[in-house]
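# Results of the structural survey
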Amino acid sequence: MLSQAHDVGAPSLLDALRTGTALLHVALEKRMPFFSERLDADWYQRLLQAYHGFYAPMEAALYASARIPNGFDAASRVKTPTLLSDLHALGLNDAAIHALPYCTALPRLDTPAACLGTLYVLEGATLGGQVLRREMARRLGIDADNGGAFLDVYGAETGRRWKDFLDYLGNQALDAKARQRAVDAARSTFSCFERWLDSQEVLL
Ligand code: HEM
């Protein structure tokens, strides 16, 4: 692998990830029901179940891959446990959660670069949290204690944690090919997630 220093003029990994996923973000955000007048408690619960059905296998695959470049603090960034406790707060027990559908069409994590692309999407997805949390509290009375902790999973730490993640990303020396693998994985993460949510009939 070449270091970025040998790659003068090439976009940074972050720029490439942003450019490569911006339209996918806009498209998915538009289909998310958080701001729909029709979203009710039942739909919210189905949405959270679908999130869990994606994040649980996705995070398990990431951490089992042993391909995440050193420096990523998985233990403090794993989000499935928060989704699990939200589902408990909404009244589901472990057996009911276990019986829910789980996504099997996940992005391929066959290289460290692919892991970075997927992590970019999962970490970036925390950035909309504050606005989603406020909206769910106002509309459905859902907050961190009764099923909405995942929405703002990092709370007041969101900005700092995002900055730390960007530092981690900026320290990765990827050549152009590896950068492309990261972008492909990030794009695939968005599309796998959207397809999964669609199949669970929770999107607009
Ligand atoms: C209604 C749902 C969503 C809202 C309102 C939302 C909102 C936001 C906001 C406000 C930002 C920060 C933009 C900035 O500071 O420049 C952001 C960034 C981001 N979001 Fe979302 N988002 C939503 C859903 C998602 C989902 C479902 C994903 C992926 C699973 C996602 C992935 C990302 C990523 C990767 C970034 C980082 C972009 C960057 O590089 O700065 N978002 N989102």
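Just above sits the structure.
Attention here is on the structure that accompanies the text. Within each chain, residue numbers correspond to sequence positions counted from 1 in written order. In view of the model being predicted, local features appear only for residues whose pLDDT reaches at least 70, and side-chain atom pairs are presented and counted only at 80 or more, with totals across whole chains, interfaces and linings using the full set of residues. Note: side-chain values were computed over all heavy atoms of the structure, leaving out hydrogens and water.

## A closer look at the coordination of the iron atom of the ligand
Convention followed: The rule for donors is simple: an N, O or S atom within 2.8 Å of the metal counts, and for Na, K and Ca the reach is 3.2 Å. Water is not among the atoms, so a site may look short of donors. Numbering of helices and strands runs from the N terminus; a helix is a DSSP stretch of H or I covering at least four residues, while a strand is a stretch of E covering at least two.
Within the protein, just one atom coordinates the iron atom of the ligand: His25 (NE2), at a distance of 2.1 Å. Mapped onto the secondary structure, histidine 25 falls in helix α1 (residues 13–31).

## Section: the site of the ligand
Definition in use: We call a residue near a given molecule or strand whenever any one of its heavy atoms falls within 4 Å of it. Pairing of N or O atoms within 3.5 Å defines a polar contact, subject to two protein rules: one partner must be a possible hydrogen donor and the other a possible acceptor, and residues neighboring in sequence count only if both atoms are side-chain atoms. Ten residues, namely Ala, Val, Leu, Ile, Met, Phe, Trp, Tyr, Cys and Pro, are considered nonpolar, four, namely Asp, Glu, Lys and Arg, are considered charged, and the remaining ones, Gly among them, are considered polar.
Contacts to the ligand come from 17 residues, most closely from Arg18, His25, Glu29, Tyr120 and Gly124. At 2.6 Å from an oxygen atom of the ligand is found a side-chain nitrogen or oxygen belonging to arginine 18. The separation between a nitrogen atom of the ligand and a polar side-chain atom of histidine 25 is 2.9 Å. Elements with a minimum of two residues in the shell around the ligand: α1, α6 (112–124) and α9 (176–199). Considering every element that reaches the shell around the ligand, the biggest residue donor is α1, with four residues. Broken down by class, the residue content of the shell around the ligand amounts to twelve nonpolar, three polar and two charged.

## Here's the deal with the pattern of salt bridges
As a reminder of what qualifies: Salt bridge, as used here: a side-chain nitrogen of Lys or Arg that lies within 4 Å of a carboxyl oxygen of Asp or Glu. The cut-offs for exposure are 20% and 50% of the maximum accessible area for each residue type, with area from a 1.4 Å probe on protein chains only; residues under the lower value are buried, those over the upper are exposed, and the others partly exposed.
One pass over the structure, following the stated rule, counts twelve salt bridges. Between glutamate 123 and arginine 77 there is a salt bridge, and its shortest N-O distance comes to 2.7 Å. You can see glutamate 123 sitting in helix α6 and its partner arginine 77 sitting in helix α3 (residues 74–77), a full 46 residues away along the chain. No difference in accessibility class separates glutamate 123 from arginine 77, as the two residues are buried. A salt bridge links aspartate 110 to arginine 108; the shortest N-O distance between them is 2.6 Å. For aspartate 110, a relative accessible area of 37% corresponds to the partly exposed category. The structure contains a network of salt bridges with shared partners spanning Arg31, Glu194 and Asp198.

## Considerations on the environment of asparagine 146
Worth spelling out the cut-off: Two residues form a contact once any of their heavy atoms are found within 4.5 Å.
Position of asparagine 146 among the secondary structure elements: in the loop between α7 (129–140) and α8 (158–170). Once the C-alpha coordinates of asparagine 146 and leucine 87 are considered, the two residues, 59 residues apart in sequence, prove to be 9.0 Å apart. When near neighbours in sequence (up to four residues on either side) are disregarded, asparagine 146 contacts Ala89, Leu90 and Gly141. In terms of polar contacts, asparagine 146 uses its side chain to reach the backbone carbonyl oxygen of glycine 141, at 3.0 Å. A polar atom in the side chain of asparagine 146 sits 2.6 Å from the backbone nitrogen of aspartate 143.

## Brief notes about helix α4 (residues 80–89)
An α-helical turn contains 3.6 residues, so any two residues separated by three or four positions project in the same direction. Rule in force here: When we speak of the arc, we mean the arc of directions from the helix axis to the C-beta atoms.
The set of residues buried in α4 consists of Thr80, Thr82, Leu83, Asp86 and Leu87. Mapping the buried residues of α4 onto a view down its axis gives an arc of 160 degrees, with all of them on the same face. Looking one or two residues beyond α4, the residue adopting positive phi is glycine 91, at roughly 105 degrees.

## Considering α6
Quick reminder of the rule: Multiplying 1.5 Å by the residue count of a helix minus one yields the expected span of that helix.
With 13 residues, α6 extends 18 Å from end C-alpha to end C-alpha; this agrees with the ideal 18 Å at 1.5 Å per step. All of the buried residues in α6 are Ala113, Ala114, Cys115, Leu116, Gly117, Thr118, Leu119, Tyr120, Val121, Leu122 and Glu123. At its buried positions, α6 is contacted by α1, α2 (41–65), α3, α8 and α9.

## Quick look at the nonpolar core
Stated precisely, the cut-off is as follows: Nonpolar cores were defined as sets of buried Ala, Val, Leu, Ile, Met, Phe, Trp, Tyr and Cys residues, with membership established by side-chain atoms within 4.5 Å.
Among the nonpolar cores identified, the biggest contains 55 residues, and Tyr51, Tyr120 and Leu197 are the most heavily contacted of them. Mapped by element, the contributors of at least two residues to this core are α1, α2, α4, α6, α7, α8 and α9. Sorting elements by how many residues they give to this core places α2 first, with ten residues.

## Quick word on the packing of α2 against α9
Counted only if it meets this: Axes here mean lines fitted to C-alpha atoms, for a helix over just the part in contact, with angles spanning 0 to 180 degrees between N-to-C directions. Every angle not falling under 35 degrees, over 145, or within 65 to 115 is termed oblique; those three ranges are roughly parallel, roughly antiparallel and roughly perpendicular. Rotating anticlockwise by less than a right angle from the far helix to the near helix defines a left-handed crossing, while the corresponding clockwise rotation defines a right-handed one.
Where α2 contacts α9, the two axes come as close as 10 Å, and the packing angle between them is 140 degrees. Between α2 and α9, the interaxial angle falls into the category oblique. α2 and α9 meet at a crossing whose hand is right-handed. Note on element contacts: α9 touches α2 through Thr189, Cys192, Phe193, Trp196 and Leu197, opposite Ala50, Tyr51, Gly53, Phe54 and Tyr55. Across the contact of α2 with α9, the residue classes break down as eight nonpolar, two polar and no charged.

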